[in-house]
Amino acid sequence: MSTHFTRRSLIRGITAATAVATLATGLAACGGDSDAATKTSDAAGSLTVGQLSNGAAKETTLKVSEVKSISAELPKSVKSSGKLVIGIGALPSGFAPLAYVGSDQKTLTGAEPDFGRLVAAVLGLKPELKNFTWENLFVGIDSGKVNVAFSNVTDTEERKKKYEFASYRKDNLGFEVLKSSKWNFDGNYENLAGKTVSVGAGTNQEKILLEWKKTLESEGKKLTVKYYPDRNGTYLALNSGKIDAFFGPNPGIAYHITQSANTPNPTRNAGTYSGAGASLQGLIAATAKKDSGLAKPVADAINYLIKNGQYAKWLTAWNLSNESVAKSEVNPPGLPLDNS
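The structure reproduced in this document is the subject of the present report.

Parameters and conventions
- Residues numbered from 1 in each chain as written.
- Predicted model: local features only at pLDDT ≥ 70, side-chain atom pairs only at ≥ 80, totals over all residues.
- Heavy atoms only, no water.
- Axes fitted to C-alpha atoms, helices over the stretch in contact; angles between N-to-C directions.
- Helix = DSSP H or I, 4+ residues; strand = E, 2+ residues; numbered from the N terminus.
- Parallel < 35°, antiparallel > 145°, perpendicular 65-115°, else oblique.
- Contact = heavy atoms within 4.5 Å.
- Nonpolar A, V, L, I, M, F, W, Y, C, P; charged D, E, K, R; others polar.
- Salt bridge = Lys/Arg side-chain N within 4 Å of Asp/Glu carboxyl O.
- Buried < 20%, exposed > 50% of the residue type's maximum accessible area, 1.4 Å probe, protein only.
- Polar contact = N/O pair within 3.5 Å; in protein donor to acceptor, adjacent residues only side chain to side chain.
- Core = buried A, V, L, I, M, F, W, Y, C linked by side-chain atoms within 4.5 Å.

1. Brief notes about the packing of helix 4 (residues 111-122) against helix 9 (residues 295-307)
For the pair helix 4 and helix 9, interaxial distance at closest approach is 9 Å and the crossing angle is 100 degrees. As summarised for this structure, helix 4 and helix 9 are arranged roughly perpendicular, according to the angle between their axes. Between helix 4, through Phe-115, Leu-118, Val-119 and Val-122, and helix 9, the contact on the second element is made entirely by Val-298, Ala-301, Ile-302, Tyr-304 and Leu-305. Here the residues of the contact of helix 4 with helix 9 sort into 9 nonpolar, no polar and no charged.

This is the structure in structure tokens:
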């Protein structure tokens, strides 16, 4: 995956280094997409999230079924098909905890496939997951092979030229520290004074951190920024006290926190910050072809899940409660054209 900071959703898409498993051979496809193996054993009127997560989630069964007033909003072609084709851009290596091959080495699991399945249930449709490379995910939407993508796609004004959105998570960065640390970001860059923080080179989070470093220097304060070749090096530095914090994509941090919980050096989240910067809360959104007529029913399905509690339980199961939104919006303000 690219780490160029203009490709926001890829940056927040979590690098392959955080994945718990390599995609099984049966999921790989020369054309850049595949039909994903998914759990289909849920009882009628219920859906279990967090299955086969390799410890990244707490398996939780939720009651959810079709809401006819919402499914009636679907375009006729989608409703008559009886299925919702959900695109995930997790090939080739996945990005835990959002989308990756589960502990059975064949089933696509993660917060994003689970949420797509929840939305499909409200719409009264059978979920059909298709896994793509990032680039081919959008080709799939454009060609009609995919109805809607749930794949950590950031809402941007540039993308609105071709797609319509229904927001469902905050697009956040996070600070990871040792659990024993007393430091917290608290949304204030001044709290970084005197600290040593690691960040990935060439990323959006590096751009933000270097801006804070420059501002602190103008105030006569110091922020030391460190770089390591991979995530293992970063965590070795954190464990040994060479750095105070790691600044990176919030979902990846949420995943690592679950993996470090039973180690000698457990970590915690010390605060989040919008991936869009200070002026705008970045949003992750379900993505459909522009004028497809899907954004409105998908947003209504999401708002039903928010109102009735399944949404909060889904986020809690995946340790992502700090990315919750109060409501889903159709085509909310996205990253501006000069920064998307």
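2. Focus: the pattern of salt bridges
Across all of its chains, the model carries 14 salt bridges by this definition. A salt bridge links Glu-66 to Lys-68, with the nearest nitrogen and oxygen atoms 3.6 Å apart. The exposure class of Glu-66 is partly exposed, given its relative accessible area of 32%. Residue class for Lys-68 comes out exposed when judged on its relative accessible area of 63%. Beyond isolated ion pairs, a larger network of salt bridges with shared partners links Glu-73, Lys-296 and Asp-300.

3. Quick look at helix 7 (residues 231-240)
Among all positions of helix 7, only Arg-231, Gly-233, Thr-234, Tyr-235, Ala-237 and Leu-238 are buried. Where helix 7 is buried, its residues touch strand 10 (172-178), strand 11 (196-199), strand 13 (245-249), helix 8 (250-260) and strand 14 (267-274). Here helix 7 starts with a cap whose side-chain oxygen sits 3.2 Å from the backbone nitrogen of Asn-232, and that cap is Asp-230. Gly-241 sits one or two positions beyond helix 7 and adopts a positive phi of about 85 degrees.

4. Considering the nonpolar core
Core analysis: the largest hydrophobic core is formed by 53 residues, its most contacted members being Phe-115, Leu-118, Val-119, Leu-123, Phe-150, Trp-314 and Trp-318. Elements with a minimum of two residues in this core: strand 2 (46-49), strand 4 (83-91), helix 4, strand 9 (163-170), helix 8, strand 15 (283-289), helix 9 and helix 10 (310-317). Looking at this core, the element that brings in the most residues is helix 4, giving 7 residues.

5. Points about unusual backbone geometry
Omega for the bond connecting Leu-91 with Pro-92 falls within 30 degrees of zero, at 5 degrees, which places this linkage in the cis form. Mapped onto the elements, Pro-92 comes out in the loop between strand 4 and strand 5 (100-101). Omega for the peptide link from Ala-96 to Pro-97 comes to 5 degrees, which places this bond in the cis form. Of note, Pro-97 is situated in the loop between strand 4 and strand 5. Unusually for a residue other than glycine, Asn-54 sits at a positive phi of about 60 degrees. Mapped onto the secondary structure, Asn-54 falls in the loop between strand 2 and strand 3 (60-63). The phi angle at Asn-152 is positive, at roughly 60 degrees, despite the residue not being glycine.

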